[in-house]
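# Architecture at a glance
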Amino acid sequence: ATPILPTSPQTKYSGLSIDEIKVLENKTKTEVEDLNKRVFDNDSDAQTLIENMHSKLSKVQGRINSNEDTLHANLKREAALDDEINGLLQKISALKASKEKLAVENEQLKQDVRYLTEERRNLEEVFDKEIKGRKESKESYLKSISTLTENLRLMKIEIDAKLNIQGNEEMPKEATKCQRHETAGDSGPQNSAPSNNNMLLEFLSSQISAKEADLECPVCMEVSQVPIYTCQEQHIICSQCWDKVKIRSAGGEAECVICRSPYPQPPRHHRYMEKVAHELQQLYHMLKGIKQQSSSSS
C-alpha cells in the first residue's frame, strides 16, 4: 500500500514556490531586522527623552518648591507687616490725640503770652514814668543842693568878712597898723592856703557830681560800679540791674529801659564808662585826702 503523506494546512504562501517563499522570507527578515533596529532606536530616544524630561521636571519642581517656600515666607512676613501696621496705626492715633491736646495747650499758652506781654508793656510804661519822675526829682534835688551849697559858701565868706571888719573897728588904730604889718609879712601865705583848698574842694565836688550823673544807672538811679554794661545805643546799665532785667525777660531778649533796643548777648562792657568809674574813685580819694589835710591844718 502506498503511504499517505500528511498534508500541511493551507496558508497565503501555499500557492508560491519555494524560491518565491525564500525571497519573501529574506525580505521579511530584512524588514524585521530593520524594525527591531527602529524599536531599539525608539527605546534609546525614549530613554534619552525620559532622562531629559526628568532633569527638566526636577528643575521645575525645584523652582516650584523654592517659590512655595518663598510664598510661605512672604505670607508670614505679610501677616507680620499687617500686625505692625495695626500697631503703627494705633500709635498714629495716639500721637494724633497727643498733637490735638498740645495744639489746645499751645493756643492757651499763646493767649497767656499775649496777655502777659501786654501786662509787661503796661508795667514797663509805669516803670518808665516812675523812673523818669524820680530822675527829674533827683536832678531837682541836686540842683537845689548845689544852689544851697553855693549860698552857704557865700554866707560864710560874708560872715568872715563882717567879723574881720568888726574886729578891725574895735582895735586901736596903732595896733591895727602893727597887726597889718605883721600879717602882711607872716600870715599872708597861711590865709591863702585855706582859700586855695576851698577852691580845689569846690572843683573836685563839681567834677564828682558830673561823673556821678554820667554813671547814673537808669534802672536803680544809683552810681554804676564796674562792670558796667551797655546796649547798642550806648545807654549804660549796672551789673546788678542787668541781672534783674535778664531775669525779667524770661529767656527772651533783654531790652534797654531807655531805647528798647536789645542788649547784646553776652553783655557788652562800656569801656569808656568803666574808665570814668575808675576816675571817679580817684576823685573820691583826692577829696578825702584834701578834707583830712584841711582838718589837720585847722
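What you see is a predicted model, and the numbers here were worked out from it, not measured in a lab. (Residues numbered from 1 in each chain as written. Predicted model: local features only at pLDDT ≥ 70, side-chain atom pairs only at ≥ 80, totals over all residues. Heavy atoms only, no water.)

## Observations concerning the overall build of the protein chain
Tallying secondary structure elements over the protein chain gives 4 helices and 3 strands in all. For the protein chain, the succession of helices and strands along the chain, N to C, is α-α-β-β-α-β-α. Per-residue burial over the protein chain gives 14% buried out of 298 residues. Counting contacts in the protein chain only where the partners sit at least 6 residues apart, residues at least 24 apart contribute 58% of the total. Split by element, the accessible area of the protein chain, about 24100 Å² in all, is 56% carbon and sulfur. (Helix = DSSP H or I, 4+ residues; strand = E, 2+ residues; numbered from the N terminus. Buried < 20%, exposed > 50% of the residue type's maximum accessible area, 1.4 Å probe, protein only. Contact = heavy atoms within 4.5 Å. Areas by Shrake-Rupley, 256 points an atom, 1.4 Å probe, with all protein chains shown as cover.)

## With respect to the sheet that holds strand 2 (residues 236-238)
Taken in spatial order, the 3 strands line up as 2-1-3 in an open sheet, and their pairing is antiparallel. The open sheet has two free edges, formed respectively by strand 2 and strand 3 (268-269), since each of these has just one partner strand. Across 2 bridges, the pairing between strand 1 (residues 228-230) and strand 3 is antiparallel. The residue of strand 3 that forms the bridge with T230 is R268. Packed onto the sheet, helix 3 (residues 239-248) meets strand 1 and strand 2 and runs at close to 95° relative to strand 2. (Pairing = 2+ DSSP bridges. Axes fitted to C-alpha atoms, helices over the stretch in contact; angles between N-to-C directions.)

## As for the pattern of salt bridges
This model, assessed by the stated rule, comprises 4 salt bridges. Among the salt bridges present, the one from K29 reaches E25, with a minimum N-O distance of 3.6 Å. With K29 and E25 both in helix 1 (residues 18-170), this residue pair falls 4 residues apart, about one helical turn. Note on E25: relative accessible area 38%, which makes it partly exposed. Between R38 and D34 there is a salt bridge; the shortest N-O distance is 3.2 Å. Taken together, the residues span about one helical turn, with R38 and D34 both in helix 1 at a distance of 4 residues. (Salt bridge = Lys/Arg side-chain N within 4 Å of Asp/Glu carboxyl O.)

## Brief notes about helix 3
Taken as a whole, helix 3 has its buried residues at S239, C241, W242 and V245. Down the axis of helix 3, the buried side of the element spans an arc of 155°, and every buried residue falls inside it. Facing away from the buried side of helix 3 by over 90 degrees, the exposed positions are Q240, K244 and I247. Here the buried face of helix 3 lies against strand 1 and strand 2. Residue A250 follows helix 3 closely and has a positive phi angle near 55°. (Arc of directions from axis to C-beta.)

## Let's talk about the packing of aromatic side chains
Taken as a whole, this structure holds 2 aromatic pairs when the rule is applied. On the basis of an interplanar angle of 70° and a centroid distance of 5.9 Å, the ring pair of Y229 and W242 is categorised as edge-to-face. You can see Y229 sitting in strand 1 and its partner W242 sitting in helix 3, a full 13 residues away along the chain. Residue Y229 shares its accessibility class with W242, and that shared class is buried. Summarising the aromatic geometry, the rings of W242 and Y263 are spaced 5.3 Å apart at their centres and angled 90° between planes, so their arrangement reads as edge-to-face. Taken together, the residues span a long stretch of sequence, with W242 in helix 3 and Y263 in the loop between helix 3 and strand 3 at a distance of 21 residues. For the pair W242 and Y263, one class covers both residues: buried. An aromatic cluster is defined as three or more aromatic residues linked by ring pairs; in this entry it consists of Y229, W242 and Y263. (Phe/Tyr/Trp six-rings, centres within 6.5 Å; stacked < 30°, edge-to-face > 60°.)

## Topic: the environment of H270
By secondary structure assignment, the location of H270 is in the loop between strand 3 and helix 4 (271-297). On the basis of relative accessible area, H270 is assigned to the buried category, the value being 8%. Considered as a pair, H270 and I237 are 33 residues apart in the sequence and their alpha carbons are 9.1 Å apart. Look past the residues within four positions of H270 in its chain and what remains in contact with it is I228, Y229, T230, Q234 and I236.

## Description of the confidence of the model for the protein chain
Residue-level pLDDT values for the protein chain average 82, and 82% of them are 70 or greater. Of the regions scoring below 50 in pLDDT, residues 173-179 engages in 3 contacts with residues more than four places distant in sequence or in other chains. For residues 181-193, every residue scores under 50 in pLDDT, and the model assigns this stretch 2 contacts once sequence neighbours within four places are set aside. (pLDDT = per-residue confidence, 0-100.)

## Comments concerning the state of the cysteines
Scanning the entire structure with this criterion turns up 0 disulfides. Left unpaired, C220 is separated from the closest cysteine sulfur, that of C241, by 3.7 Å. Not engaged in a disulfide, the cysteine C238 finds its nearest cysteine sulfur in C241; these two sulfurs lie 3.4 Å apart. (Disulfide = S-S within 2.5 Å.)

## A short note on a nonpolar patch on the surface
A cluster of nonpolar side chains, L81, I85, L88, L89 and I92, forms an exposed patch at the surface whose accessible area comes to about 410 Å². By the secondary structure assignment, I85 is in helix 1. (Patch = residues over 30% accessible without salt bridge, like charges linked within 9 Å, V, L, I, M, F, W, Y side chains within 5 Å.)

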